[in-house]
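Observations on the three-dimensional arrangement
So you can see what is in the structure, the chains are spelled out below.
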Amino acid sequence: MGTEKFNIHNAHFLFGAPSMQAIRPQELPEIAVAGRSNVGKSTFINRIAGRKLARVSGTPGATRELNFYHLEGAFSGDKRDLCLVDMPGFGYAKLSHKEREAISRLAVRFLRDRQELQAVILLNDCRREPQADELAIQKVCAEEGVHCIIVLTKFDKLKQNEKMKRLKAVAQAYHLEKDDVLFTGEKISNDPLWARLQALLF
Ligand code: GDP
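These numbers were taken from a predicted model, which means no experiment stands behind them.

This part takes up the site of the ligand. Every one of the 15 residues lining the ligand counts as a neighbour, but Asn 38, Lys 41, Ser 42, Thr 43 and Asp 156 are closest to it. Here an oxygen atom of the ligand sits 2.6 Å away from a polar atom, N or O, in the side chain of Thr 43. The separation between a nitrogen atom of the ligand and a polar side-chain atom of Asp 156 is 2.7 Å. About the coverage of the ligand: the protein hides 80% of its 580 Å² of free accessible area. Looking at the shell around the ligand residue by residue, the class counts come to two nonpolar, seven polar and six charged.

A separate point is the side chain of Asp 81. Position of Asp 81 relative to the elements: it lies in strand β4 (residues 78-86). Under the relative-accessibility criterion, Asp 81 is labelled buried at 17%. A polar side-chain atom of Asp 81 sits 3.1 Å from a polar atom in the side chain of His 70. Polar contacts involving the side chain of Asp 81 include one to the side chain of Lys 79, which spans 3.2 Å. In this structure Asp 81 touches Leu 28, Pro 29, His 70, Leu 71, Glu 72, Gly 73 and Phe 202, once residues within four positions along its chain are discounted.

Let's shift gears to helix α3 (residues 132-144). Here α3 contains 13 residues, and its C-alpha end-to-end distance of 18 Å stays within 8% of the 18 Å for a straight helix at 1.5 Å per residue. For α3, the full list of buried residues reads Glu 134, Ile 137, Gln 138, Val 140 and Cys 141. The buried residues of α3 all sit within an arc of 165 degrees when viewed along its axis, so they share a single face. Exposed side of α3, more than 90 degrees from the buried face: Ala 132, Lys 139 and Ala 142 are the residues found there. Looking one or two residues past α3, Gly 145 carries a phi angle of roughly 70 degrees, positive in sign.

Our focus in this paragraph is the sheet that holds strand β3 (residues 66-75). Whenever strands of a sheet pair, they do so through backbone hydrogen bonds, lying parallel or antiparallel. Spatial ordering of the open sheet is given by β1-β3-β4-β2-β5-β6-β7, a layout of seven strands whose pairing is mixed. Each edge of the open sheet is held by one strand with a lone partner, namely β1 (6-17) and β7 (182-183). In terms of strand pairing, strand β2 (residues 30-35) meets strand β5 (residues 117-125) through six bridges, oriented parallel. Across the sheet, residue Ala 34 finds its bridge partner in β5, namely Leu 122. Of the strands in this sheet, β1, β2, β3, β4, β5 and β6 (147-153) are in contact with helix α1 (residues 41-49), which crosses β2 at around 150 degrees.

So, about the pattern of salt bridges. Applying the stated rule across the entire model yields 14 salt bridges. Measuring nitrogen to oxygen at the nearest pair gives 3.3 Å for the salt bridge that ties Lys 139 to Glu 143. With Lys 139 and Glu 143 both in helix α3 and four residues apart, this pair spans about one turn of that helix. What makes Lys 139 exposed here is its relative accessible area of 54%. Because the salt bridges share partners, they merge into one network encompassing Arg 112, Lys 139, Glu 143 and Glu 144.

Conventions adopted
- Residues numbered from 1 in each chain as written.
- Predicted model: local features only at pLDDT ≥ 70, side-chain atom pairs only at ≥ 80, totals over all residues.
- Heavy atoms only, no water.
- Near = heavy atom within 4 Å.
- Polar contact = N/O pair within 3.5 Å; in protein donor to acceptor, adjacent residues only side chain to side chain.
- Areas by Shrake-Rupley, 256 points an atom, 1.4 Å probe, with all protein chains shown as cover.
- Nonpolar A, V, L, I, M, F, W, Y, C, P; charged D, E, K, R; others polar.
- Helix = DSSP H or I, 4+ residues; strand = E, 2+ residues; numbered from the N terminus.
- Buried < 20%, exposed > 50% of the residue type's maximum accessible area, 1.4 Å probe, protein only.
- Contact = heavy atoms within 4.5 Å.
- Expected span 1.5 Å × (residues − 1).
- Arc of directions from axis to C-beta.
- Pairing = 2+ DSSP bridges.
- Axes fitted to C-alpha atoms, helices over the stretch in contact; angles between N-to-C directions.
- Salt bridge = Lys/Arg side-chain N within 4 Å of Asp/Glu carboxyl O.

Given below as structure tokens:
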């Protein structure tokens, strides 16, 4: 099976939701993107959307809401739309304990209660082992029957001889095989990720 490209011809911001109650009804299949602040979430979202949707910054922790985007695209000529949800980055040290707790609670409620949610892309810096937050997201997804795709970011920063070692180590920490884990970074194609999403969503 060849990898097919998901061509996005339009993408726009729908709304931001600081609480579950603020989420507006919409009928698109949803994929959420989660990750520790500064993991490269904005960069990743802009890269998969093929345009600038999320703010990339040297100052992490900017997003405190669930931000919903409509991606209009096509696989092999068939029109396929989806909703991408940018989840607030967790673990931002400059936020108060209370603020971090609130972000965590919103994330868990969203993962548990959101019917439209089909898959979560959980970003993990390739140079770090997953910590309690990442493992908790993976666990909640498993409990709720939501697909959780682990994507290692900043993979371009690794030396060639470190890549396989890191893939194996991080996969093991998530109790996965190395081929289950995807990776992204400068000059690295996201086609394998789209192939995985296509199989799950459409
Ligand atoms: P966020 O806080 O998770 O949204 O992270 P950003 O997307 O704002 O990225 C944080 C920093 O990491 C920025 O300086 C980015 O340029 C850098 N960065 C993000 N993704 C990559 C990547 O795949 N490779 C490299 N080399 N740098 C990255």
